[in-house]
Amino acid sequence: MTTLTGKGVYGAIALGRISVFKRKDASVKRTHIDNIEAEKARLEAAKAKAAEQLQNIYSKALKEIGEANAQIFEIHMMMIEDEDYNDSISSIIETQSVNAEYAVAVTADNFEKMFASMDDAYMQARSADVKDISNRIISCLSEDNGVDEMSDEKVIICADDLAPSETVQLDKDKVLAFVTAFGSSNSHTAILARNMNIPAIIGVGEELLESVSNGEFAAVNGYTGEIFINPDEETKSCLEKKRAEDEEKKRLLQELKGKENITIDGTKVKIYANIGSVDNIGAALASDAGGIGLFRSEFLYLESNDYPSEEQQFAAYKRVLESMAGKKVIIRTLDIGADKQVDYFNLAKEENPALGYRAIRICLTRPEIFKTQLRALYRASTYGNLGIMFPMITSVSELEKILEICEEVVNQLKAEGVEISDKVELGIMIETPAAAIISDKLAPMVDFFSVGTNDLTQYTLACDRQNAAIEQFVDTHHEAILRLIEMSAKNAHDNGAWIGICGELATDTTLTETFLRMGIDELSVSPTFVLKVREAVRRCDLSEK
Ligand code: PEP
Ligand code: MG
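### A word on the packing of helix 11 (residues 310-323) against helix 13 (residues 367-380)
Right, so step 1: Where helix 11 contacts helix 13, the axes come no closer than 8 Å and their chain directions differ by 40 degrees. Judged by the angle between their axes, helix 11 and helix 13 are oblique. Note on packing geometry: the crossing formed by helix 11 with helix 13 is right-handed. For the pair helix 11 and helix 13, the contacting residues are Glu310, Glu311, Gln313, Phe314, Tyr317, Lys318 and Leu321 in the first and Thr372, Gln373, Arg375, Ala376, Leu377, Arg379 and Ala380 in the second.
Right, so step 2: Considering only residue class, the contact of helix 11 with helix 13 consists of six nonpolar, three polar and five charged.

Set out below in structure tokens:
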């Protein structure tokens, strides 16, 4: 048995045969070309074919993994038309009188290196995208489809790395797990694997490809990031047992649908779902969540090439509110900046982006963006039960300004004769230590708090949430964090506000009882965790000391 370890990006178990993912030989030869114009025409034809293939992949992805995740293939289609990329290919063909394959390969190599050398993890991940589209163009030039056909058996795919288009092209029904030698947890492949609910491990290292061969039996533990090649009987039966337990747990959890979120002693709590896009509503509804506790509205901006208009935003908010049919929907205003960058905002590069110009700071200094979003939100308010939540609050004066702007927008809309619900709740995220510490001052100004434990942890423990190298210092159960949550809960209740938690810590069922004892009223988690948290709530007995 050989055991290798990487980073598990989707926790689940798989046992089966390995299929080593091979691309057809993509090595490119340099040949001399006499007719430059004919070569350029050949290139254009290949690009058109590549764009057509991408359009088909995009349509497939749209059906299987939703618009937000399929977006990457739209970006690929745009990259094929990128001016710098195309200028480079043409100039290599013209100045060196060489074949198009060679010009594309050299350009790809240069662009990949350029992206890989950038500081920003998101931009680094784009080097895989350039490689992906370039390989596609090269294979179209050589009339080759690039990717190997898969066998009929369900397999564990082992690869050096998987490009997003390769991931989505794999037949989901035939894939037991993904294991890759390289790749980052920020890559689209990791994100796609998570969305496809397939056990996945990335970054195992070069030894992965040296250690595996086609048809070998392996076991993948997506929880621990381990792959066991030719596992011994003990490992195999241990993981088979874990897999059966997972299946049984999933089955039992389904039985909790329609049941109350109530503890043994009768304390009730709300369990809502977090969503990042309008496409996630289906999953939220299927999860039996009582509402939406966090709609990360910035994804509307991230998915767009320009500021989304009031009408576009209104349509999205209306759809979420109508789909939730009267259940609470908390929409968080724009939280852009730091790790969520959008070109058209033209944000300056910062030394410490997490401590920089982000979220509410952008909204307060660029009020036209903020007002457009607020107008869309208030206009949509009559279509359901809306809560508006503001991120990254640190002071009373910020909140005063926000409330003034809200009032101004409401008055303006009313003057225009627009109907607005009078039940819209306003709340803030408690995700900075400052907000938690002055929560006694902030609570009387709002209807609710929602604790963003992801940022609260980063700012309290001084641990950059993007930096994998310091993961060992991130103690999510740190007493300082728990005390800040408890303090915020007390101050909320003393001032007539309610309090929820919408950061990842809400999914940590070892803390469910602690949160309930603090008086937390709502837990908002990704749809896949709703029933798991319900189960944890139903096991708690708060009457016991
Ligand atoms: C948080 O910080 O906990 C949170 C929910 O917001 P985000 O993860 O979007 O920053
Ligand atoms: Mg946050």
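### Points about the sheet that holds strand 8 (residues 226-229)
Right, so step 1: Taken in spatial order, the eight strands line up as 1-8-7-3-4-5-6-2 in an open sheet, and their pairing is mixed. Both edges of this open sheet fall to strand 1 (2-5) and strand 2 (7-10), since each of them pairs with a single strand only. Pairs of neighbouring strands in the sheet enclose a mean axial angle of 30 degrees, with direction left out of account.
Right, so step 2: Here strand 5 (residues 175-180) pairs with strand 6 (residues 200-202) via two bridges, running parallel. Residue pairing across strands places Val179 opposite Ile201, the latter belonging to strand 6.

### Concerning the packing of aromatic side chains
Right, so step 1: Counted under the stated rule, the structure contains nine aromatic pairs.
Right, so step 2: In textbook terms, an aromatic cluster arises when at least three aromatic residues are bridged by ring pairs, as seen for Tyr301, Tyr307, Tyr344 and Phe345.
Right, so step 3: Above the ring of Tyr223, the side-chain terminus of Lys242 is found at 4.5 Å from the ring centroid.
Right, so step 4: The residue whose ring lies beneath Arg379 is Phe314, and the NZ or CZ to ring-centre distance is 4.2 Å.

### Points about the coordination of the magnesium ion (ligand 2)
Right, so step 1: Protein ligation of the magnesium ion (ligand 2) involves Glu431 (OE) and Asp455 (OD), the donor distances falling in the range 2.1 to 2.2 Å. One end of the pair, Glu431, is in the loop between strand 13 (425-430) and helix 15 (433-437); the other, Asp455, is in helix 17 (residues 453-461), with 24 residues separating them in the sequence. The same class applies to Glu431 and to Asp455, which are both buried.

### As for the side chain of Glu101
Right, so step 1: If you trace the backbone, Glu101 turns up in helix 3 (residues 100-116).
Right, so step 2: Looking at Glu101, the relative accessible area reads 13%, which means it is buried.
Right, so step 3: Not counting the four nearest positions on each side in its chain, Glu101 is found in contact with Val28, Glu39, Arg42, Ile138 and Leu141.

### Quick word on the confidence of the model for the chain
Right, so step 1: Taken as a whole, the chain shows an average pLDDT of 90; of its residues, 94% reach a score of 70 or greater.
Right, so step 2: Across residues 144-149 the pLDDT falls below 50, and counting only partners more than four positions away or on other chains, this stretch makes 13 contacts in the model.

### Some remarks on the nonpolar core
Right, so step 1: Counting 89 residues, the largest nonpolar core has Phe345, Leu374, Tyr378, Phe390 and Phe515 as its most contacted members.
Right, so step 2: Leave out the neighbours within four places in its chain, and Phe515 touches Leu482, Ile485, Ile501, Leu505, Ala506, Ile520 and Leu523.
Right, so step 3: Judged by nonpolar contacts, the second largest core, of 31 residues, contains Leu43, Ile80, Ile93 and Phe115.

### Some details on helix 20 (residues 530-539)
Right, so step 1: For helix 20, the set of buried residues is Val530, Leu531, Val533, Arg534, Ala536 and Val537.
Right, so step 2: Next to the buried residues of helix 20 lie helix 8 (233-254), strand 9 (270-275), helix 19 (512-518) and strand 16 (522-525).

### A closer look at the domain arrangement of the chain
Right, so step 1: Each assigned domain of the chain is listed here: domain 1 (2-23 + 148-234), domain 2 (36-142) and domain 3 (265-539).
Right, so step 2: Computed from C-alpha atoms alone, the centre-to-centre distance between domain 1 and domain 3 is 34 Å.

### Topic: the side chain of Ser134
Right, so step 1: Inspection of the secondary structure assignment puts Ser134 in helix 4 (residues 121-141).
Right, so step 2: By relative accessible area, which is 1% here, Ser134 ends up buried.
Right, so step 3: Within the local environment of Ser134, its side chain forms a polar contact with the side chain of Tyr85, the two groups lying 2.7 Å apart.
Right, so step 4: Excluding its chain neighbours within four sequence positions, the residues that come into contact with Ser134 are Tyr85, Val104 and Ala108.

### Here's the deal with the sheet that holds strand 13
Right, so step 1: Read around the closed barrel, eight strands run 9-10-11-12-13-14-15-16, paired in parallel fashion. In this sheet, neighbouring strand axes are inclined to one another by 25 degrees on average, regardless of whether the strands run parallel or antiparallel.
Right, so step 2: Relative to strand 9, helix 20 is tilted by about 160 degrees, and along the sheet it contacts strand 9 and strand 16.

### With respect to a negative patch on the surface
Right, so step 1: A contiguous patch of negative charge, built from Asp82, Glu83, Asp84 and Asp87, is present on the exposed surface.
Right, so step 2: As for its placement among the helices and strands, Asp87 is situated in helix 2 (residues 83-96).
Right, so step 3: A residue is classified by how much of its surface remains accessible, and Asp87, at 43% relative accessible area, is partly exposed.

### Examining the site of ligand 1
Right, so step 1: Neighbouring residues of ligand 1: 14 residues in total, closest Arg296, Arg332, Gly452, Asn454 and Arg465.
Right, so step 2: Gly452 places a polar main-chain atom, nitrogen or oxygen, 3.4 Å from an oxygen atom of ligand 1.
Right, so step 3: In the model, an oxygen atom of ligand 1 is placed 3.0 Å from a nitrogen or oxygen of the Asp455 main chain.
Right, so step 4: In isolation ligand 1 offers 290 Å² of accessible surface; the protein chains occlude 98% of this area.
Right, so step 5: Mapped onto the shell around ligand 1, the elements with two or more residues apiece are strand 10 (291-296) and helix 17.
Right, so step 6: No other element matches helix 17, which puts three residues into the shell around ligand 1.
Right, so step 7: Residues of the shell around ligand 1, tallied by class, amount to three nonpolar, four polar and seven charged.

### Digging into the pairing of strand 15 (residues 498-501)
Right, so step 1: Taken together, the four bridges between strand 14 (residues 448-451) and strand 15 define a ladder with parallel strand orientation. Among the inter-strand pairings, Val451 is bridged to a residue of strand 15, identified as Ile501.
Right, so step 2: Of the strand pairs in this sheet, strand 15 and strand 16 are connected by two bridges, and their pairing is parallel. Bridge pairing in strand 16 places Ile501 opposite Leu523.
Right, so step 3: A crossover links strand 15 with its parallel partner strand 16, the connecting element being helix 19, and its sense is right-handed.

### Some words on the pattern of salt bridges
Side chains carrying opposite charge are able to pair once their charged atoms draw close together.
Right, so step 1: The final tally for this structure, using the stated rule, is 30 salt bridges.
Right, so step 2: Between Glu260 and Lys268 there is a salt bridge, with its nearest N and O atoms 3.0 Å apart.
Right, so step 3: Classification of Glu260 by relative accessible area gives partly exposed; the value is 42%.
Right, so step 4: Several salt bridges converge on common partners, so that one network encompasses Glu298, Arg332, Asp335, Arg358, Asp455 and Arg465.

Reading guide: rules and limits
Residues numbered from 1 in each chain as written. Chains lettered and ligands numbered in written order. Predicted model: local features only at pLDDT ≥ 70, side-chain atom pairs only at ≥ 80, totals over all residues. Heavy atoms only, no water. Axes fitted to C-alpha atoms, helices over the stretch in contact; angles between N-to-C directions. Helix = DSSP H or I, 4+ residues; strand = E, 2+ residues; numbered from the N terminus. Parallel < 35°, antiparallel > 145°, perpendicular 65-115°, else oblique. Left-handed = near helix turned anticlockwise from the far one by under 90°. Contact = heavy atoms within 4.5 Å. Nonpolar A, V, L, I, M, F, W, Y, C, P; charged D, E, K, R; others polar. Pairing = 2+ DSSP bridges. Phe/Tyr/Trp six-rings, centres within 6.5 Å; stacked < 30°, edge-to-face > 60°. Lys NZ or Arg CZ within 6 Å of the ring centre and 35° of its normal. Donors = N, O, S within 2.8 Å, 3.2 Å for Na, K, Ca; no water. Buried < 20%, exposed > 50% of the residue type's maximum accessible area, 1.4 Å probe, protein only. pLDDT = per-residue confidence, 0-100. Core = buried A, V, L, I, M, F, W, Y, C linked by side-chain atoms within 4.5 Å. Domains from an automatic or database assignment. Polar contact = N/O pair within 3.5 Å; in protein donor to acceptor, adjacent residues only side chain to side chain. Patch = residues over 30% accessible without salt bridge, like charges linked within 9 Å, V, L, I, M, F, W, Y side chains within 5 Å. Areas by Shrake-Rupley, 256 points an atom, 1.4 Å probe, with all protein chains shown as cover. Salt bridge = Lys/Arg side-chain N within 4 Å of Asp/Glu carboxyl O. Lys, Arg positive; Asp, Glu negative; His and termini not counted. Charge placed at Lys NZ, Arg CZ, Asp CG, Glu CD. Near = heavy atom within 4 Å. Right-handed = clockwise from strand over helix to strand, strands pointing away.

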